[in-house]
Amino acid sequence: DQIFYNYILADTEPIYSKLGSQPALRMHLLSVIATQFVHDAEGMYKFIQSTFYAYQTDEFTIKKEVDTALEFLLDNQLIEKMDDGYLSTLFGTRTSSLYIDPLSAIQLKKALEKSCDKETTPLSFLHAICSTPDLRSLYLRGTDAWVEEKAEQIQQNLLLDIPSSSNDEYEWFLSDLKTAFLLEDWIEEVPYDALVSKYNIWPGDVHNVVDIAEWLLHATREFARMYNFSCVSHINNLLIRVQNGCKEELLNLVSLKGIGRVRARALYHEGFKTVNDLRNVPLERIAKIKTIGKAIATNIKQQIGENGVRGNKELRSFQR
């Protein structure tokens, strides 16, 4: 009865449009300009007037918020003013197609431009994506003094400006850096238990950060094609490492379907450091490796093109 009353008979909860926030508004306005759905300010006012946001907001506020978003897009060269309205720049069009906050795109662009004249590490780009509004950083706790200590050691590799310790932004910087350290530990194959203990989070939180990091690294790679092409290969490798949570030495092995970081590490420990090392190796030998087994071993053989006559004979022999 209580459940029925609370969820069926109770009053409906109020809902509010999220288009009222500047991040959402500038993202949608950039989208309608990039797709040429609207061309001028009047078209944008009319577009917003047709939304649920307009139902909850007065006309004066809508125009003020739209003008603020347009000014942001213009100042940061995401769009440009033309005689008959607005046109998306290449940077703006790419940002819109990647479905990220324009502010995130600006942060990534700054980082990539700075990377042209600076020695970078994986942490350089991990910190850059963690500094964007699209990735919610981990909370900074009283026991996280180690983050600030470690920040002093790696600050020369960071691609974004470090605020002064007296600045209100400094604590946000440390939160972003803590999140970057989590991703760095993840790609260094730190076990889940250790991550949970060190960062005081749950495995689900780790996966959430990793998923968003993948998306932002993909965007970073695409922007690198425009602003620092020499970084594309490096960022691509970093993206694969984040996807699989592995060190760089396992990149070749995790390219096999069904082989994650655990199985790849098991193969590596047995002396198989690349896919090519697995060629002409008896099926029984691969199947005996911990976490592999006959089904995975067969799958590996098929992927490397050894499922012909010889491979089939080995398989039948092994199954017997």
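Criteria and cut-off values
- Residues numbered from 1 in each chain as written.
- Predicted model: local features only at pLDDT ≥ 70, side-chain atom pairs only at ≥ 80, totals over all residues.
- Heavy atoms only, no water.
- Helix = DSSP H or I, 4+ residues; strand = E, 2+ residues; numbered from the N terminus.
- Rg over C-alpha atoms; globule rule 2.2 N^0.38 Å.
- Buried < 20%, exposed > 50% of the residue type's maximum accessible area, 1.4 Å probe, protein only.
- Contact = heavy atoms within 4.5 Å.
- Lys, Arg positive; Asp, Glu negative; His and termini not counted.
- Charge placed at Lys NZ, Arg CZ, Asp CG, Glu CD.
- Phe/Tyr/Trp six-rings, centres within 6.5 Å; stacked < 30°, edge-to-face > 60°.
- Core = buried A, V, L, I, M, F, W, Y, C linked by side-chain atoms within 4.5 Å.

S.K.: Could you clarify how one ought to interpret the overall build of the protein in this entry?
M.R.: Along the backbone of the protein there are 17 helices and two strands. Radius of gyration (C-alpha) of the protein: 25 Å, far over the 20 Å computed for a compact globule of 320 residues. Dimensions of the protein along its principal axes, counting C-alpha atoms only, are 80 × 60 × 50 Å. The buried share of the protein, taken over its 320 residues, is 44%. In the protein, the proportion of contacts linking residues at least 24 apart, taken out of those at least 6 apart, comes to 62%. Charge separation in the protein, taken as the distance between the mean sites of 35 positive and 44 negative side-chain charges, equals 14 Å.

S.K.: How should I be thinking about the packing of aromatic side chains in this particular structure?
M.R.: Geometrically, a pair of aromatic rings is defined through the distance of the ring centres and the angle of the planes. Across all of its chains, the model carries eight aromatic pairs by this definition. When the centroid spacing of 5.8 Å and the interplanar angle of 35° are considered together, the rings of Trp146 and Phe181 count as tilted. Placement of the pair is Trp146 in helix H9 (residues 145-154) and Phe181 in helix H10 (residues 170-187), with a sequence separation of 35 residues. Using a relative accessible area of 21% as the deciding quantity, one classes Trp146 as partly exposed. Residue classification places Phe181 among the buried positions, given a relative accessible area of 0%. Seen in terms of ring centroids, Trp186 and Tyr192 are 5.7 Å apart; in terms of plane orientation they differ by 50°. Their pairing is tilted.

S.K.: Which parts of the structure should I look at to understand the nonpolar core?
M.R.: As a rule of thumb, soluble globular proteins bury nonpolar side chains together. Within the largest apolar cluster, 73 residues are counted, with the highest numbers of intra-cluster contacts made by Leu29, Leu126, Ile129 and Phe223. The contacts of Leu29, once residues within four sequence positions are left out, are Met44, Ile48, Val66, Ala69 and Leu73. Core analysis: the next-biggest nonpolar cluster, separate from the first, contains 24 residues, Leu250, Ala266, Leu267 and Ile292 among them.

S.K.: Just to check I follow, could you spell out helix H16 (residues 293-303) for this structure?
M.R.: Given 3.6 residues per helical turn, the α-helix brings residues three or four places apart onto the same face. Restricting attention to buried positions, one finds in H16 the residues Ile296, Ala297, Thr298, Ile300 and Lys301. Directly after H16, the chain includes Gly305, whose backbone phi takes a positive value near 80°.

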